[in-house]
Amino acid sequence: MPLSYYIGMAIASVSAQSNFAVGAVVNATFGSMIELTFYITALIKGAREGTKCLEEVVKSALTGTLLGCVLFVPGLCMVIGGIKHQEQRFNSRSAGVGSALLFISVGGVFAPTLFSKAYGKMICGECITVGQNFSESYICQNCQSQMMGSNSTAFYSEVQPLVYTVCILLLAAYIIGLIFTLKTHSHIYDIHISDCHVPGHHHSAVVHWSRWRAMVILVGSTLLMSACADLATEHITPILTETSVSQYFIGVTVLAMIPELPEIINGIQFALLNNLSLSIEIGSCIAVQVCMLQIPILVLFSVFYPTGFTLIFSDLHLWASMFSVILMNYIFMDGKCDYFQGTVLLFVYFILLATYFFAPSPAGC
């Protein structure tokens, strides 16, 4: 929490002295470094132990980060900001750009999953015969697609090339998005943190340090946070083996929410200053980076270090992510919000968490 506090002040100082989209990108970039430390450490540990459980936890953490940035972070900021301000407005055009990138991201990330569901062969572990004679039917359990195995022929000939193609396209879309937001159409994001509709609020209120000092503190705090993330990954194995809680739930909450602490704190601070645009942009930028930057990096890392990471997610991750992005796009359509809309996002997020809590752990874990 102290590191999160310093990261928050450094981000606020950088953002107050530049375009607010630059601040959001810097925030998400340093957050991605912390999360990638979690994921890569867990994948290496899982590969050395010969278990697929940590890979499923990483996939749950990626989905949990996406859900948290799309539902929890903006929802919490809307509720807390709505208590102080009856109605808050934000830049609907910039939010629309983020929503479009999220649609591209989710469609690309889950394309291999949809492909495997459409063309994979179903293999069931146990089937029970129900009925007699010609009216017999079967009830099957523990069914999964054959393509989900990373050693199958279909995976190497069809799914793996699709994964690499999708990762290249996602990286290209991310670069184009950066050019659009920071270069060609930066006027869309020409809102500073100091431009808040609060009487008596001045620019110096959020500039804690100079830009260079803030960047040095930001880099140092991020390195220390990454060390903490490495320790947390090493100590997550007892939680997986000694508790009856679903491993999906552990990934969605523990591994996903710990790196999000700086973003949550920053988003709340900006919402209280009636600058909800930056709070939403931070969450949207992190969600986009999860799909367009973090996942391609993990896939690329698996090429050089055989971690066995495959870009095929469970149905629960697929539908939860798609529903969340659609709901966020609906909420952000009119460019204004209040605490009720934030409550809706939070309740949907908690409903999904309850679903993950009661979901069974992945097969074999």
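All values reported here derive from a predicted model rather than from experimental measurement.

Can you explain the overall build of the protein? Please cite residues and give values.
If you tally the helices and strands in the protein, you get 13 helices and four strands. Counting across all 365 residues of the protein, residues that qualify as buried make up 53%. Within the protein, contacts between residues at least 6 apart in sequence are counted, and of these 82% link residues at least 24 apart. Accessible surface, the protein: about 16600 Å² in total, of which carbon and sulfur atoms supply 66%.

Tell me about the nonpolar core, and name the residues and values.
Ranked by size, the top nonpolar core spans 92 residues in total, and within it Val 58, Leu 62, Leu 71, Met 78, Leu 102, Leu 298 and Phe 309 carry the most contacts. If you tally residues by element for this core, the top one is helix α3 (residues 53–84), at 16 residues.

Could you give an account of the packing of aromatic side chains, naming the residues involved and the relevant values?
Here the structure, examined in full by the defined rule, presents eight aromatic pairs. Summarising the aromatic geometry, the rings of Phe 72 and Tyr 349 are spaced 5.2 Å apart at their centres and angled 40° between planes, so their arrangement reads as tilted. Remark: Tyr 349 occurs in helix α13 (residues 339–358) and Phe 72 occurs in helix α3; sequence separation between them is 277 residues. When the ring of Phe 72 is compared with that of Phe 350, the centres are 6.5 Å apart and the planes differ by 70°; the resulting orientation is edge-to-face. Taken together, the positions of Phe 72 in helix α3 and Phe 350 in helix α13 put the pair 278 residues apart, joining distant regions of the chain. Residue classification places Phe 72 among the buried positions, given a relative accessible area of 14%. Classification of Phe 350 by relative accessible area gives partly exposed; the value is 45%. Counting every residue linked through ring pairs, the aromatic cluster contains Phe 72, Tyr 349 and Phe 350.

Provide a residue-level description of the UniProt feature "transmembrane region" (unreviewed entry) in the protein, including the pertinent values.
Taken from the UniProt record, the annotation "transmembrane region" (unreviewed entry) applies to residues 20–41, 61–83, 95–115, 162–182 and 339–359. In residues 61–83, the share of helix is 100% and the share of strand is 0%. The end C-alpha atoms are 30 Å apart. Annotated as residues 339–359, this span is 95% helix and 0% strand, and its ends, taken at the C-alpha atoms, are 30 Å apart.

Got a sec to walk through helix α12 (residues 315–331)? Specific residues and values, please.
For α12, spanning 17 residues, the distance from its first C-alpha to its last is 24 Å, which sits close to the expected 24 Å at 1.5 Å a residue. The complete set of buried residues in α12 reads His 317, Leu 318, Ala 320, Ser 321, Ser 324, Val 325, Leu 327, Met 328 and Ile 331.

Give me the pattern of salt bridges: which residues, what numbers.
If the charged atoms of two oppositely charged side chains come close together, the side chains can form a pair. A full pass over the atoms with the stated rule returns two salt bridges. Lys 59 is paired through a salt bridge with Glu 55; the nearest N and O atoms lie 3.2 Å apart. Here Lys 59 and its partner Glu 55 are both found in helix α3, four residues apart, which amounts to about one turn of the helix. Each member of the pair, Lys 59 together with Glu 55, is buried. Between Glu 56 and Lys 59 there is a salt bridge whose closest N-O contact spans 4.0 Å. Of the two residues, Glu 56 and Lys 59 are both situated in helix α3; the distance of three residues between them amounts to about one turn of the helix. Judged by its relative accessible area of 15%, Glu 56 is buried. Lys 59 sits in the buried class, given a relative accessible area of 2%.

Quick rundown of the environment of Gly 75? Include the residues and the values.
One can find Gly 75 in helix α3. Along the sequence, Gly 75 and Gln 341 sit 266 residues apart, while their C-alpha atoms lie 7.3 Å from each other. Those residues in contact with Gly 75 that sit more than four places away from it in its chain are Gly 342, Leu 345 and Leu 346.

Pulling in residues and values, what's your account of the packing of α3 against helix α11 (residues 276–304)?
Contact geometry of α3 with α11 gives a least axis separation of 8 Å together with a crossing angle of 170°. Here α11 runs roughly antiparallel to α3, going by the angle between their axes. Mapping the contact onto sequence places Val 58, Leu 62, Thr 65, Leu 66, Cys 69, Val 70, Cys 77 and Met 78 in α3 and Leu 276, Ser 279, Ile 280, Gly 283, Ser 284, Ile 286, Ala 287, Val 290, Cys 291, Gln 294, Ile 295 and Leu 298 in α11. Its residues assigned to classes, the contact of α3 with α11 shows 15 nonpolar, five polar and no charged.

Describe in detail the side chain of Gln 294, supporting the description with residues and values.
Looking at where Gln 294 falls in the secondary structure, it is placed in helix α11. Excluding residues that lie within four positions of it along the chain, Gln 294 makes contacts with Ser 32, Glu 35, Leu 36, Tyr 39, Leu 62 and Gln 289.

Explain the packing of α3 against α13 to me, using residue names and the numbers behind them.
Packing of α3 against α13 leaves a shortest axis separation of 7 Å and a crossing angle of 145°. When the axes of α3 and α13 are compared, the crossing they make is left-handed. The segment α3 lies against α13, with Thr 63, Leu 67, Gly 68, Leu 71, Phe 72, Pro 74, Gly 75, Leu 76, Met 78, Val 79 and Gly 82 engaging Tyr 339, Gln 341, Gly 342, Thr 343, Leu 345, Leu 346, Val 348, Tyr 349, Phe 350, Leu 352 and Tyr 356. A breakdown of the residues in the contact of α3 with α13 according to their chemical character gives 15 nonpolar, seven polar and no charged.

Criteria and cut-off values
- Residues numbered from 1 in each chain as written.
- Predicted model: local features only at pLDDT ≥ 70, side-chain atom pairs only at ≥ 80, totals over all residues.
- Heavy atoms only, no water.
- Helix = DSSP H or I, 4+ residues; strand = E, 2+ residues; numbered from the N terminus.
- Buried < 20%, exposed > 50% of the residue type's maximum accessible area, 1.4 Å probe, protein only.
- Contact = heavy atoms within 4.5 Å.
- Areas by Shrake-Rupley, 256 points an atom, 1.4 Å probe, with all protein chains shown as cover.
- Core = buried A, V, L, I, M, F, W, Y, C linked by side-chain atoms within 4.5 Å.
- Phe/Tyr/Trp six-rings, centres within 6.5 Å; stacked < 30°, edge-to-face > 60°.
- UniProt positions renumbered as here; feature names shortened; annotations may be inferred.
- Expected span 1.5 Å × (residues − 1).
- Salt bridge = Lys/Arg side-chain N within 4 Å of Asp/Glu carboxyl O.
- Axes fitted to C-alpha atoms, helices over the stretch in contact; angles between N-to-C directions.
- Parallel < 35°, antiparallel > 145°, perpendicular 65-115°, else oblique.
- Nonpolar A, V, L, I, M, F, W, Y, C, P; charged D, E, K, R; others polar.
- Left-handed = near helix turned anticlockwise from the far one by under 90°.

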